[in-house]
Structure formats: C-alpha cells, structure tokens
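Chain residues, written in single-letter form:
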Amino acid sequence: MATERASSQQLPLSCPASSRRFALCLSERRILLLVVDLVMLSLALFAALRLRIPGVFLGHATTAQFVAARLEWWLLLGVLWFAFAAVAGCYDLRRAARAVEGAVHAAGCALAVSALYLVVPVISAPLTRSRLGWSVFALLAALGVAGWRALYARFLASHIFSRRILIVGAGFSARALAAAIDDLGPGSGVTVVGLVDDDPAKQNLHLGQVPVLGRCRRLADLCAHGGVDEIVVAITHPGQIQPHTVEALVRCWEAGVQIVPMSLYYEDLQGALPVEHIGANLFALVDRNGAIVTRLWDAARRLIDLVAAAIGLLILAPFLPFIALAIRLDSRGPIFYQQVRVGLGGRSFIVHKFRSMVPDAERDGAQWSQESDPRVTRVGRWLRKTRLDETPQLWNLLNGTMSLIGPRPERPEFVDDLAQLLPYYRIRHSIKPGITGWAQVCYRYGNSVDDAKRKLEYDLYYIKRRGPVLDILIFLRTIRVVLQMQGT
C-alpha cells in the first residue's frame, strides 16, 4: 500500500446517526443473509402448499399448529439450503454486494435446492401431489431469494450501512490491516475512516486511500465527529502504547465505541491468524471460550474418522483396479507412493497416496511441487485435480496417524527450515494432521515460504477456533474444491 503526503487533514464525513444502528459487521451480514434466505424459502414452500395442495392443512386449526406438526419439512429445507449454499459460496459478500450477479447466483441456488428437496422421500413436503406444486415452489423460492438479494445489494451493502473503523497506529500492522480490508472489496461492510499515530513523520500522510488524521490524543474527537463504530489497535507490542493513548481509548470505550486488538479483528476479516503481527504475544493463539466443546469434539472425531475411513474405503474399492491400471499404463513405477511426514507431537509417520509423479521425481532431493509441475504424469494430473490421489490416506485415518480435518502434514525436510523462518510453526503439530483443512479450502496450493506463511495463518486459526461448526464448513467447502477440480 503506497504512502504519500496528504494535502489536507480533513476528517471524513460521518454517516447519519439514524443509520449507524444498522451498521453490520461481516458475520452479522452473513447471518442476516442466511436468515432472510431461509425465510424466503420457507414462505415459498408454505405458499406452494397453500395454493396447490390445500388438503395438507386439514385437521389443523391454525397455521402455527400446521407448521409445528410438519416441522421436519422446513428443517429439511433449511439443512439442504445451508449445505448447498456453503458449497456454492452463497455468502461471499463481494458477490452479494453486486445486485445482478448476486441475485442470479442466489436464484440458481434456490432452484437447485428446490430440485434436491423434491427427491428426498418421507420427510419432505408432498409437492408431487400436484403437477404444478413443485414448479410454484421453485419459482417462488427463486424470485423471493433473488428479490431479497437485490434489495440487500442496493441498500444494505452500501457504505452508509458499513461499520466505520479507526485504526490506532500507522506502521506495518496498520498497513497490513488496511490492505486486508481493501482486499475484501465493496460490500464488505467495513469502511476505514483513517489512522492515528503519534509519530510526527507520519502526520498528514495517506496510506493508499486512508489518511493519517492526527495523534492519538484526538481519538475521542475523531470518534465523535466521524461516526466511528470501532477502534482497532494495530500496535504489535502492547508495551509501546503510551498512557495518554490508553486514556483516550478508555474515553472512547466509555462513549460506546468498541475497542479491538488488530489480531482479533484480522481473524474475523480473513479467517486467519496474523503471525507477523502478534509479536511475542503467544496467548493470542489461545481461545478458552469453547474449551469444553473443543475437548468433547476432539474425542468424538476419532469415531467420525473411523466411520469416514470405512465408508470411504468401501466406496473406493470398486474403482481401485481402474485407477491402478491407469497409473500403470501411463508410466512405469509403483501404484502407491509412501512419504514421511511430520504429525502429532512432531512425530514422523508414513502417508499413503496414489503415485501422481514420475518414479524419479526427486532424484535431486526434496523440492516444492510447482503449478503445472512437469514431473506430474497425465493420469497424475487428473488424480490431483480430483483429489483422488489423497484417498489412500483413508488408511491413515484407520491407523490414527491422521484425522479427516486438520493442518496438512509437511515433510521433515521442510519442517525444520520453516520452523526457523516462521514463528509458531510447530504449533501445527499440536493436533493431528488432516486429509483436508482450513488452509486447503481457503488458499491456493502452496509452493514457497510465503505460501507456507499464509497457510500457517489459516492453520493456527483452525487450531484456535476448531469445533463442529468449523469442521462442517471445511467439509462442505472441500466438496466445492473437488467439484471445481481445483487440485494442482
């Protein structure tokens, strides 16, 4: 982000006070979109039943009694929508902020979910009793969701309803945060009003489009006149915060402005933990809020891993001869490939894969895989794109060296070097490695130290926030990655 001298130090205009109460952060925007989507789908189902199959209402004195008696119809619809929306990326706020694209995409998802709903027996509504029943449901669902998404993009995605933040600090951490917000693009729901810093050399500067508005003593005035909702403290070392800055932050807190450390704000924005901006604050990696749930879930995951491995191996078994034949016909060498990786507690184990490279791929020593790597065979490239090369790791689930979801295990040749270069790298080994993980569904295939650093941020976020909800989201996003053939 470029730094340039500002010609003035004018405070950006505040938003009308009446709109500030509706300013929504990222998670609130996604929840709002989800809730109204479900309302529109539910109303479409109810209207289709009322218009085309009125007989189902017989025996129920009120609408509430009818819905309560057939609650499974609406629960199934909600589950199907949540799963499909996660796979299809319905809650990408950048897309949601574009009226036409967002409405068309959401309408297409509503039609797909309507079709899925039709084929589920017993626990779905009897729309097939009328030849027009499903068509009415699908049409109303698509129109309702699309219309709501268009309204959202037209009004709620505008800057008027954005959360306005003020950043304390104008150094490395502040620039990284401003860049992360800028990367989210329009519709993110976040507007950076400006920065404050006590360094005289940084006064009257612009960091890209963001101005440095003055010193930290001005915080209270800037918040009062700039319609600020949150202050993000982007100072890596807490000991560098001066007493007058603490006093100013307390005054703002007293006035109802939220105060957030940069590391937590970055987590919410990016779904990653900013290792370069934590400094020596090791405890920024710790989250005790859900400790009991996490421990119970960690215990339950072993059973889930065993069931997933058994089902996966049964599904894979009929295709194994064809995959083996394709690998053997494409190039000489073994069908399976074993490699040493580093797992739980830093202990080494053998990971199993279908061979996707030529047999002598590492005759010159261990090296990063590259995009369009010439060592990958023709069949191997297809196996990688479909992620079928990873399926033999189901055996690692059975023997307990891996889990279904977790940080991808790295090779010992790279671990020592990465641990020297990247702070907190070895924390990845505090839980079992996984076949898929948060870094794999959020970031592209990595083949450099910079990529390893970025993926470490996602892995640390997962270790800190892991639980059933995040694991379900990773599983659903993995389906999307497989269907889009994004493997390398």
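Computed from a predicted structure; not experimentally measured.

Draft legend 1. Representation of the overall build of the protein in the model. A tally of regular secondary structure across the protein gives 19 helices and eleven strands. Looking at the protein residue by residue over its 488 residues, the buried ones come to 48%. Taking as baseline every contact in the protein between residues at least 6 positions apart, the subset at least 24 positions apart corresponds to 74%. Of the roughly 24400 Å² of accessible surface on the protein, a fraction of 62% belongs to carbon and sulfur atoms. Charged side chains of the protein number 54 positive and 39 negative; the gap between the two group centres comes to 7 Å.

Draft legend 2. Quick look at the pairing of strand 9 (residues 348-354). Counting buried positions along strand 9 gives five out of seven residues, so the element sits mostly inside the fold. One ladder, built from seven bridges, connects strand 8 (residues 336-342) with strand 9; its direction is antiparallel. Paired with Q339 across the bridge in strand 9 is V351. Connecting the antiparallel pair strand 8 and strand 9 is a turn made up of five residues, with G345 showing a positive phi of about 70 degrees.

Draft legend 3. Representation of the pattern of salt bridges within the structure. Here the structure, examined in full by the defined rule, presents 20 salt bridges. A salt bridge links R465 to D268, with the nearest nitrogen and oxygen atoms 3.7 Å apart. Note that R465 is positioned in helix 18 (residues 449-465) and D268 in helix 11 (residues 262-270), a separation of 197 residues in sequence. Its salt-bridge partner being R301, residue D471 comes within 3.2 Å of it at the nearest N-O pair. Pair noted here: D471 is in helix 19 (residues 468-483) and R301 is in helix 12 (residues 291-316), with a separation of 170 residues, a long-range link. Judged by relative accessible area, which is 4%, D471 ranks as buried.

Draft legend 4. Geometry of the packing of helix 8 (residues 172-184) against helix 11. Two elements in contact, helix 8 and helix 11, have axes separated by 11 Å at closest approach and are oriented at 20 degrees. Classified by the angle between their axes, helix 8 and helix 11 sit roughly parallel to one another. Pair helix 8 / helix 11 crosses with left-handed handedness. For the pair helix 8 and helix 11, contact is made by S173, A176, L177, A180, I181 and L184 and by M262, Y265, Y266, L269 and Q270, respectively. Of the residues assigned to the contact of helix 8 with helix 11, the class counts are nine nonpolar, two polar and no charged.

Draft legend 5. How the structure looks around helix 6 (residues 99-119). Given a rise of 1.5 Å per residue, 21 residues ought to cover 30 Å, and the 31 Å separating the end C-alpha atoms of helix 6 matches this to within 8%. Every buried residue of helix 6 is accounted for by G102, A103, A106, A107, C109, A110, V113, S114 and Y117. Buried positions in helix 6, seen along its axis, are confined to an arc of 165 degrees and lie on one side of it. Along helix 6, exposed side chains directed more than 90 degrees from the buried face belong to V100, V104 and V119. For helix 6, the secondary structure elements touched by its buried residues are helix 2 (26-52), helix 4 (71-88), helix 5 (93-96) and helix 7 (133-156).

Draft legend 6. Looking closely at unusual backbone geometry. The phi angle at V122 is positive, at roughly 70 degrees, despite the residue not being glycine. As for its position among the elements, V122 is in the loop between helix 6 and helix 7. Accessibility expressed as a relative area gives 78% for V122, which makes it exposed. A positive phi angle is found at Y424, which is not glycine, with a value near 70 degrees. Here Y424 is to be found in the loop between helix 16 (412-421) and strand 11 (434-436).

Draft legend 7. Representation of the nonpolar core. One finds L45, L49, W81, Y117, L127, F137 and Y265 to be the most contacted residues of the largest nonpolar core, which totals 89 residues. In terms of residue count, helix 2 provides more of this core than any other element does, eight residues in total. Core analysis: the second largest hydrophobic core is formed by 17 residues, L166, V196, A248 and V257 among them.

Draft legend 8. Structural view of the packing of helix 9 (residues 219-226) against helix 10 (residues 243-254). For the pair helix 9 and helix 10, interaxial distance at closest approach is 8 Å and the crossing angle is 30 degrees. It follows from the interaxial angle that helix 9 and helix 10 lie roughly parallel. Every residue of helix 10 that contacts helix 9 at L219, A220 and C223 is listed here: A248, L249, R251 and C252. Partitioned by chemical class, the residues of the contact of helix 9 with helix 10 number six nonpolar, no polar and one charged.

Draft legend 9. Fine view of the confidence of the model for the protein. Chain-level pLDDT for the protein is 87 on average; 91% of the residues reach the 70-or-more range. Per-element confidence in the protein ranges from a low mean pLDDT of 45 for helix 1 (residues 17-20) to a high of 96 for strand 10 (residues 403-405).

Draft legend 10. How the structure looks around a nonpolar patch on the surface. On the surface, L303, V307, I311, I315 and F319 cluster together to form a nonpolar patch covering roughly 500 Å² of accessible area. Here I315 is to be found in helix 12.

Draft legend 11. Spatial organisation of the packing of aromatic side chains. As enumerated under the stated definition, the model contains eight aromatic pairs in all. Their ring planes at 70 degrees and their centres at 5.9 Å tell us that F66 and W73 sit as a pair that is edge-to-face. Just as F66 is buried, W73 falls in that class too. Feature note: the residues F66, W73 and W74 constitute an aromatic cluster, connected by ring pairs. Between the NZ or CZ atom of R154 and the centre of the ring of F155, over which it lies, the distance is 5.1 Å.

How each quantity is defined
Residues numbered from 1 in each chain as written. Predicted model: local features only at pLDDT ≥ 70, side-chain atom pairs only at ≥ 80, totals over all residues. Heavy atoms only, no water. Helix = DSSP H or I, 4+ residues; strand = E, 2+ residues; numbered from the N terminus. Buried < 20%, exposed > 50% of the residue type's maximum accessible area, 1.4 Å probe, protein only. Contact = heavy atoms within 4.5 Å. Areas by Shrake-Rupley, 256 points an atom, 1.4 Å probe, with all protein chains shown as cover. Lys, Arg positive; Asp, Glu negative; His and termini not counted. Charge placed at Lys NZ, Arg CZ, Asp CG, Glu CD. Pairing = 2+ DSSP bridges. Salt bridge = Lys/Arg side-chain N within 4 Å of Asp/Glu carboxyl O. Axes fitted to C-alpha atoms, helices over the stretch in contact; angles between N-to-C directions. Parallel < 35°, antiparallel > 145°, perpendicular 65-115°, else oblique. Left-handed = near helix turned anticlockwise from the far one by under 90°. Nonpolar A, V, L, I, M, F, W, Y, C, P; charged D, E, K, R; others polar. Expected span 1.5 Å × (residues − 1). Arc of directions from axis to C-beta. Core = buried A, V, L, I, M, F, W, Y, C linked by side-chain atoms within 4.5 Å. pLDDT = per-residue confidence, 0-100. Patch = residues over 30% accessible without salt bridge, like charges linked within 9 Å, V, L, I, M, F, W, Y side chains within 5 Å. Phe/Tyr/Trp six-rings, centres within 6.5 Å; stacked < 30°, edge-to-face > 60°. Lys NZ or Arg CZ within 6 Å of the ring centre and 35° of its normal.

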